[in-house]
Amino acid sequence: HKVVTNWQLNHYVRVAVHNNQVVGTLIAELGADFWDPERKLLQERAWFVSKPHRGTRAGAKLWQAWDQDCDQYLESGRVQAVLLSTQGPDTNFDPGRRGWRLIEQTWMKEQ
């Protein structure tokens, strides 16, 4: 409860709802740029839609709301940049077609 309340009060949370049930969420961290602490960033940290609701437009609606919110954050000067990660080549989702610019890819090694 404390963690979710912190996200809501100090960061960014958007949910997708179907029949009064939360079926998806997009959570982003509001913070300073590591390299330039005076520059504020909004960085997506979690984007999830429950399996029964994938392919139902719930994820698309969540994305559209996030994208509009990002534009508002940027236009108002609340942040100077927004970051979004995607799930590698397994998805056909291409933020580049929606005005986002690829700046790097993240690779992870686990044990």
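None of these values were measured; they are calculated from a predicted model.

S.K.: Residues and numbers for the side chain of D67, please.
M.R.: Topologically, D67 is positioned in helix α2 (residues 58-76). Here D67 falls in the buried class, since its relative accessible area comes to 18%. Those residues within four positions of D67 in sequence are excluded, and the remaining contacts are R98 and W100.

S.K.: Tell me about the nonpolar core, residues and numbers included.
M.R.: If you look at the biggest cluster of nonpolar residues, it comprises 16 residues, and the most contacted ones within it are Y12, L42, W66, V82 and W100. For this core, the elements supplying multiple residues, two or more each, are β1 (12-18), β2 (21-32), β3 (40-49) and α2. When residues of this core are assigned to their parent elements, the largest contribution, six residues, is made by α2. Sequence-distant contacts of W66, defined by excluding residues within four places in its chain, comprise Y12, L26, A28, L42, E44, V82, L83, L84 and W100.

S.K.: Just give me the short version of the sheet that holds β3, but keep the residues and values in it.
M.R.: Strand order in the open sheet formed by four strands is β1-β2-β3-β4, and the pairing between neighbours is mixed. Both outer strands of the open sheet, β1 and β4 (81-83), are each paired with one neighbouring strand and no more. With direction set aside, neighbouring strand axes in the sheet form an average angle of 20°. For β1 and β2, the ladder comprises seven bridges, and the chain directions are antiparallel. Bridging across to β2, H18 finds its partner in Q21.

S.K.: Break down the packing of aromatic side chains for me, citing the residues and quoting the values.
M.R.: Taken as a whole and assessed by the stated rule, the structure comprises four aromatic pairs. Ring centres of Y12 and W66 lie 5.2 Å apart, and the angle between their planes is 70°; on these two criteria the pair is classed as edge-to-face. In this pair, Y12 is assigned in strand β1 and W66 in helix α2, connecting sequence segments 54 residues apart. With relative accessibility at 5%, the residue Y12 sits in the buried group.

S.K.: For the environment of D71, give the residues involved together with the corresponding values.
M.R.: Position of D71 relative to the elements: it lies in helix α2. For the pair D71 and V82, spaced 11 residues apart in sequence, the C-alpha to C-alpha distance is 9.1 Å.

S.K.: Could you give me a rundown of the pattern of salt bridges, with the residues and numbers involved?
M.R.: According to the stated counting rule, one finds three salt bridges in the structure shown. The shortest N-O distance in the salt bridge between D69 and R14 comes to 2.8 Å. Residue D69 is found in helix α2, and its partner R14 is found in strand β1; the two are separated by 55 residues along the sequence. Residue classification places D69 among the buried residues on the basis of a relative accessible area of 12%.

Parameters at a glance
- Residues numbered from 1 in each chain as written.
- Predicted model: local features only at pLDDT ≥ 70, side-chain atom pairs only at ≥ 80, totals over all residues.
- Heavy atoms only, no water.
- Helix = DSSP H or I, 4+ residues; strand = E, 2+ residues; numbered from the N terminus.
- Buried < 20%, exposed > 50% of the residue type's maximum accessible area, 1.4 Å probe, protein only.
- Contact = heavy atoms within 4.5 Å.
- Core = buried A, V, L, I, M, F, W, Y, C linked by side-chain atoms within 4.5 Å.
- Pairing = 2+ DSSP bridges.
- Axes fitted to C-alpha atoms, helices over the stretch in contact; angles between N-to-C directions.
- Phe/Tyr/Trp six-rings, centres within 6.5 Å; stacked < 30°, edge-to-face > 60°.
- Salt bridge = Lys/Arg side-chain N within 4 Å of Asp/Glu carboxyl O.

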